[in-house]
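# Secondary and tertiary structure notes
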Amino acid sequence: MPTVIAHHTITKGADHWLNSPKRDAFFGSIGVTNLRTFVNPRDPTHVAVMMDVPDMDAMGAALQTAAAAEAMDHDGVVPDSVVILVES
């Protein structure tokens, strides 16, 4: 199971992003585990998640859904800023 890091920009503040239940609900629904959050201390609009992803194809497909768009909108994620890194 690969570990994945996704980093991106947010617009609604780090506290809002950190406390949102949407991220856990969305990723949990596709079997993602061990979700950890990170905030850049010099630029709190730049954040990251690290997670264990059992099925990269399922995650890729899920990220294209309306549910993903809703979760990102709720959390203030700037979709064009998302960068996904996969453990190699």
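Anything mentioned here points back to the structure above.
This section reports on the structure supplied with the text. Note that the coordinates shown come from a computational prediction; the quantities given were computed from them, not determined experimentally.

Reading guide: rules and limits
Residues numbered from 1 in each chain as written. Predicted model: local features only at pLDDT ≥ 70, side-chain atom pairs only at ≥ 80, totals over all residues. Heavy atoms only, no water. Helix = DSSP H or I, 4+ residues; strand = E, 2+ residues; numbered from the N terminus. Rg over C-alpha atoms; globule rule 2.2 N^0.38 Å. Contact = heavy atoms within 4.5 Å. Areas by Shrake-Rupley, 256 points an atom, 1.4 Å probe, with all protein chains shown as cover. Buried < 20%, exposed > 50% of the residue type's maximum accessible area, 1.4 Å probe, protein only. Arc of directions from axis to C-beta. Phe/Tyr/Trp six-rings, centres within 6.5 Å; stacked < 30°, edge-to-face > 60°. Lys NZ or Arg CZ within 6 Å of the ring centre and 35° of its normal. Pairing = 2+ DSSP bridges. Axes fitted to C-alpha atoms, helices over the stretch in contact; angles between N-to-C directions. Salt bridge = Lys/Arg side-chain N within 4 Å of Asp/Glu carboxyl O.

## Some details on the overall build of the protein chain
Secondary structure assignment for the protein chain yields four helices and four strands. Tracing the protein chain from N to C terminus, the helices and strands come up as β-α-α-β-β-α-α-β. Here the protein chain has a C-alpha radius of gyration of 12 Å; the compact-globule value for 88 residues is 12 Å, and the two agree. Dimensions of the protein chain, computed from C-alpha atoms along their principal axes, come out at roughly 30 × 30 × 20 Å. Once local pairs closer than 6 in sequence are excluded, the contacts in the protein chain between residues at least 24 apart make up 70%. Per element, the accessible surface of the protein chain, about 5100 Å² overall, is 56% carbon and sulfur.

## A word on helix α4 (residues 66–75)
Taken residue by residue, α4 has Ala68, Ala71, Met72 and Asp75 as its buried positions. Here the buried residues of α4 occupy an arc of 95° about the axis, which is enough to place them on one side. Along α4, exposed side chains directed more than 90 degrees from the buried face belong to Ala66 and Asp73. If you follow the buried residues of α4, they end up packed against α1 (14–19), α2 (22–28) and α3 (56–62). Trailing α4 by a residue or two, Gly76 shows a phi angle of about 80°, which is positive.

## Topic: the packing of aromatic side chains
To describe a pair of aromatic rings, one takes the distance between the centres and the angle between the planes. Evaluated as defined, the whole model comprises one aromatic pair. Note on Phe26 and Phe27: the rings are 5.1 Å apart at their centroids and 75° apart in plane angle, and the pair reads as edge-to-face. A relative accessible area of 11% places Phe27 in the buried class. Across the ring face of Trp17, the terminal group of Arg23 is positioned such that the distance to the ring centre comes to 4.3 Å.

## Details of the sheet that holds strand β1 (residues 3–9)
On the basis of which strands lie adjacent, the open sheet formed by four strands has the order β2-β3-β1-β4 and antiparallel pairing. Pairing within the sheet leaves two strands with one partner each, and these edge strands are β2 (33–39) and β4 (83–86). For this sheet, the mean inter-axis angle between neighbouring strands, taken without regard to orientation, is 15°. Summarising the sheet, β1 and strand β3 (residues 46–52) pair through seven bridges and their orientation is antiparallel. Bridge pairing in β3 links Thr3 to Asp52.

## Quick notes on the pattern of salt bridges
As enumerated under the stated definition, the model contains two salt bridges in all. Linking Lys22 and Glu70 is a salt bridge whose minimum nitrogen-to-oxygen distance equals 3.1 Å. Highlighted residues: Lys22 in helix α2 and Glu70 in helix α4, separated in sequence by 48 residues. Since its relative accessible area comes to 47%, Glu70 is described here as partly exposed. Between Asp75 and Arg23 there is a salt bridge, and its shortest N-O distance comes to 3.9 Å. Placement of the pair is Asp75 in helix α4 and Arg23 in helix α2, with a sequence separation of 52 residues. Overall, Asp75 belongs to the buried group, its relative accessible area being 4%.

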